[in-house]
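# Architecture at a glance
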Amino acid sequence: DSDELVEIQNYVNANEKEPSEEMFGIAKDRNVIFVSLESTQSFVLNETLNGKEITPFLNDLINESYYFENFYHQTEQGKTSDSEFIVANSLYPLGRGSVFFTNSENEYNATPEILKDYGYYSATFHANNATFWNRDIVYDSFEVDTFFDIESYDITPENSFGWGLKDKEFFEQTVDLMKTLPQPFYSYSITLTNHFPFELEEEDKLIDEYDSNSEIFNRYLQTVRYQDEALKRFIEKLKEENLYEHSIIVLMGDHYGISENHNEALAQFLGKDEITPYDTIQLQRVPFIIHIPGLTDQHPELISDISGQIDVKPTLLHLLGVDTSDRIQFGQDLFSPDRTPFAVLRNGSFITEDYISVSTLCYDRKSGEEIEREGTCDVYEDMAHDELSFSDKIIYGDLLRFYNKEESVEE
Ligand code: GP9
Ligand code: MN
């Protein structure tokens with residue numbers, strides 16, 4: 001009931017951090033071009049295969065952007081839908097199932113809804129059926145103005161393969177659709193080609209297959225390479241169509257692509273004897289890149305702070321000059337000077353500045369060495385638990401029904 005919301009709001013308020021004065025509003029009134037990168041993990045960046053870069057475009061882009069190298073996905077069984085849920089709400093997804101199915105019609109205060117008050121139009125671009133992951137229903141709850149789904153794209157046998165429209169074609173057509181939107185807009189584009197089982201037509205294979213005992217992993221590097229090429233063309237076309245300069249471009253990996261079933265191949269690729277639980281946590285890092293033309297190209301930054309998808313919403317809103325104090329959110333602005341470096345994964349594992357906790361194990365984050373839990377990981381256990389359980393309570397109780405930003409909830 002609403003008493004529970006008061007308790008949660010107190011917790012959230014206590015963890016709230018002031019935004020960075022310097023960064024607040026730095027991208028005010030710009031279009032937001034958010035790109036969700038299917039199954040893209042951070043370990044592929046700045047790596048080569050037979051002397052060829054796997055992500056040449058992203059490797060260049062991060063040198064003209066803010067790049068968060070210790071940014072973790074926080075998804076579970078809801079995969080892409082979980083990542084969308086976290087980004088839109090700064091709430092955690094559920095431990096089981098997809099919240100897009102279980103609680104699609106809850107009251108939310110998602111980013112598209114918040115930005116409406118600031119004159120933004122919102123749209124999602126994804127060349128799949130609108131009902132996949134229940135998106136059509138959920139996007140209404142998030143107050144997305146237009147969902148450009150499979151019906152909005154021109155799909156032919158020539159321009160599609162595997163899961164559907166190839167990323168290159170998807171981006172080509174997406175920019176054409178984007179041109180029709182009122183500005184400023186908040187757009188969310190979701191790629192698809194780099195999806196399990198990672199298959200490509202011959203003409204789209206730009207690097208060799210890897211050579212390991214996992215066909216899946218061998219092909220994964222190739223589809224990542226293809227996606228990178230598609231992204232390159234996307235940015236070029238945004239420039240051609242005058243959608244680049246006055247935008248903020250944000251790229252984020254949605255979740256892992258390579259599961260623990262492929263640990264042997266991963267170990268071989270990473271040059272390790274084996275993949276330990278510590279390594280598995282580190283492999284949950286996904287790229288998070290903020291590119292602000294005219295700013296980050298002049299002053300790029302490699303940011304090593306521990307962070308996660310939960311932090312995207314307050315970070316982005318603050319860059320756009322939107323105050324988020326009193327909002328119910330679990331993330332913190334990544335540019336806030338007093339932010340707590342912390343990320344909790346949906347299975348309860350967590351990462352702090354010094355430690356990584358995986359079930360009953362504790363590791364020194366920097367060395368990867370296993371250490372005693374007492375006085376180290378166990379200090380943060382309650383915080384990790386509270387984060388997830390408060391977020392769950394909001395979702396199960398549909399508690400944002402009782403939230404009213406204007407009046408806030410009574411204390
Ligand atoms: C489907 C796409 C992939 O529309 O978003 O979903 P996933 O299987 O990665 O959750
Ligand atoms: Mn996905």
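An unreviewed UniProt entry annotates the protein chain as LTA synthase family protein of Metabacillus halosaccharovorans. What UniProt records for the protein chain under Subcellular location (unreviewed entry) is the sentence "Cell membrane". Per UniProt, the protein chain has the following entry under Sequence similarities (unreviewed entry): "Belongs to the LTA synthase family."

### A short note on the overall build of the protein chain
Broken down by element type, the protein chain carries 12 helices and 19 strands. Whereas a compact globule of 411 residues would reach a radius of gyration of roughly 22 Å, the protein chain reaches 21 Å, a difference of no more than 12%. Across its three principal axes, the protein chain shows a C-alpha extent of roughly 60 × 55 × 40 Å. Within the protein chain, the proportion of its 411 residues that are buried is 60%. In the protein chain, 74% of the contacts between residues at least 6 apart in sequence involve partners at least 24 apart. For the protein chain, the exposed area adds up to about 16700 Å²; of that, 43% sits on carbon and sulfur atoms.

### A closer look at the site of ligand 1
Every residue lining ligand 1 is accounted for by Glu 38, Lys 79, Thr 80, His 126, Asn 128, Phe 132, Trp 133, Arg 135, Trp 163, Leu 192, His 195 and His 255. One of the side-chain nitrogen or oxygen atoms of His 126 is found 2.5 Å away from an oxygen atom of ligand 1. Protein contacts shield 95% of the accessible area of ligand 1, which totals 310 Å² for the unbound molecule.

### A closer look at the coordination of the manganese ion (ligand 2)
All of the protein donors around the manganese ion (ligand 2) are Glu 38 (OE), Glu 38 (OE), Thr 80 (OG1), Asp 254 (OD) and His 255 (NE2); their distances to the metal are 2.0 to 2.4 Å. What the six donor atoms of the manganese ion (ligand 2) show is an angle range of 55 to 168° at the metal, which sorts the shape as irregular. Here the donor residues for the manganese ion (ligand 2) map to a single chain with the spacing E-x41-T-x173-D-H.

### Things to note about the packing of helix 3 (residues 79–89) against helix 6 (residues 135–142)
Across the interface, helix 3 lies against helix 6 with an axial gap of 12 Å and an inter-helix angle of 5°. In this view, helix 3 runs roughly parallel relative to helix 6, as classed from their interaxial angle. Facing helix 3, whose interface residues are Thr 80, Glu 84, Phe 85, Ala 88 and Asn 89, helix 6 presents Arg 135, Tyr 139 and Phe 142.

### Examining the sheet that holds strand 6 (residues 121–125)
Pairing is mixed across the open sheet formed by eight strands, whose spatial order is 7-6-10-1-11-12-4-13. Because the sheet does not close on itself, it has two edges, and the strands there are strand 7 (146–148) and strand 13 (301–303). The sheet shows a mean angle of 15° between the axes of neighbouring strands, direction not considered. As judged from the three bridges shared by strand 4 (residues 66–68) and strand 13, these two strands associate in the parallel manner. Counterpart to Tyr 67 in the pairing with strand 13 is Leu 302. Strand contacts of helix 6: strand 6, strand 7 and strand 10 (185–190), with the helix running at about 150° to strand 7, the strand carrying the most contacts.

### Topic: the packing of helix 7 (residues 167–178) against helix 8 (residues 215–240)
Angle between the axes and distance between the axes are the two parameters that describe a pair of packed helices. The N-to-C vectors of helix 7 and helix 8 enclose an angle of 20°; their axes lie 8 Å apart at closest approach. What the angle tells us is that helix 7 and helix 8 run roughly parallel. Between helix 7 and helix 8 lies a crossing of right-handed hand. Contacts from Asp 167, Lys 168, Phe 171, Glu 172, Val 175, Asp 176 and Met 178 in helix 7 reach Tyr 226, Gln 227, Glu 229, Ala 230, Leu 231, Arg 233, Phe 234, Lys 237 and Leu 238 in helix 8. Residues belonging to the contact of helix 7 with helix 8 are distributed by class as follows: eight nonpolar, one polar and seven charged.

### Remarks on the pattern of salt bridges
Overall, the coordinates contain 25 salt bridges when judged by the stated rule. The partner of Lys 205 in a salt bridge is Glu 202, with the nearest N and O atoms 2.9 Å apart. For Lys 205, a relative accessible area of 27% corresponds to the partly exposed category. On the basis of relative accessibility, which here comes to 61%, the residue Glu 202 falls in the exposed class. Note that Lys 366 is salt-bridged to Asp 354, the shortest N-O span being 3.9 Å. Linking Lys 366 in the loop between strand 18 (361–364) and strand 19 (370–371) with Asp 354 in the loop between strand 16 (350–352) and strand 17 (355–358), this pair joins segments that are 12 residues apart in sequence. Residue Lys 366 is classed as exposed on the basis of its relative accessible area, which comes to 57%. What makes Asp 354 partly exposed here is its relative accessible area of 36%. Connected through salt bridges with shared partners, the residues Glu 172, Asp 176, Lys 179, Arg 233, Glu 236, Lys 237, Glu 240 and Glu 241 form a single ionic network.

About the thresholds
- Residues numbered from 1 in each chain as written.
- Chains lettered and ligands numbered in written order.
- Predicted model: local features only at pLDDT ≥ 70, side-chain atom pairs only at ≥ 80, totals over all residues.
- Heavy atoms only, no water.
- UniProt positions renumbered as here; feature names shortened; annotations may be inferred.
- Helix = DSSP H or I, 4+ residues; strand = E, 2+ residues; numbered from the N terminus.
- Rg over C-alpha atoms; globule rule 2.2 N^0.38 Å.
- Buried < 20%, exposed > 50% of the residue type's maximum accessible area, 1.4 Å probe, protein only.
- Contact = heavy atoms within 4.5 Å.
- Areas by Shrake-Rupley, 256 points an atom, 1.4 Å probe, with all protein chains shown as cover.
- Near = heavy atom within 4 Å.
- Polar contact = N/O pair within 3.5 Å; in protein donor to acceptor, adjacent residues only side chain to side chain.
- Donors = N, O, S within 2.8 Å, 3.2 Å for Na, K, Ca; no water.
- Tetrahedral: all angles 85-135°; square planar, octahedral: opposite > 155°, others 65-115°.
- Axes fitted to C-alpha atoms, helices over the stretch in contact; angles between N-to-C directions.
- Parallel < 35°, antiparallel > 145°, perpendicular 65-115°, else oblique.
- Pairing = 2+ DSSP bridges.
- Left-handed = near helix turned anticlockwise from the far one by under 90°.
- Nonpolar A, V, L, I, M, F, W, Y, C, P; charged D, E, K, R; others polar.
- Salt bridge = Lys/Arg side-chain N within 4 Å of Asp/Glu carboxyl O.

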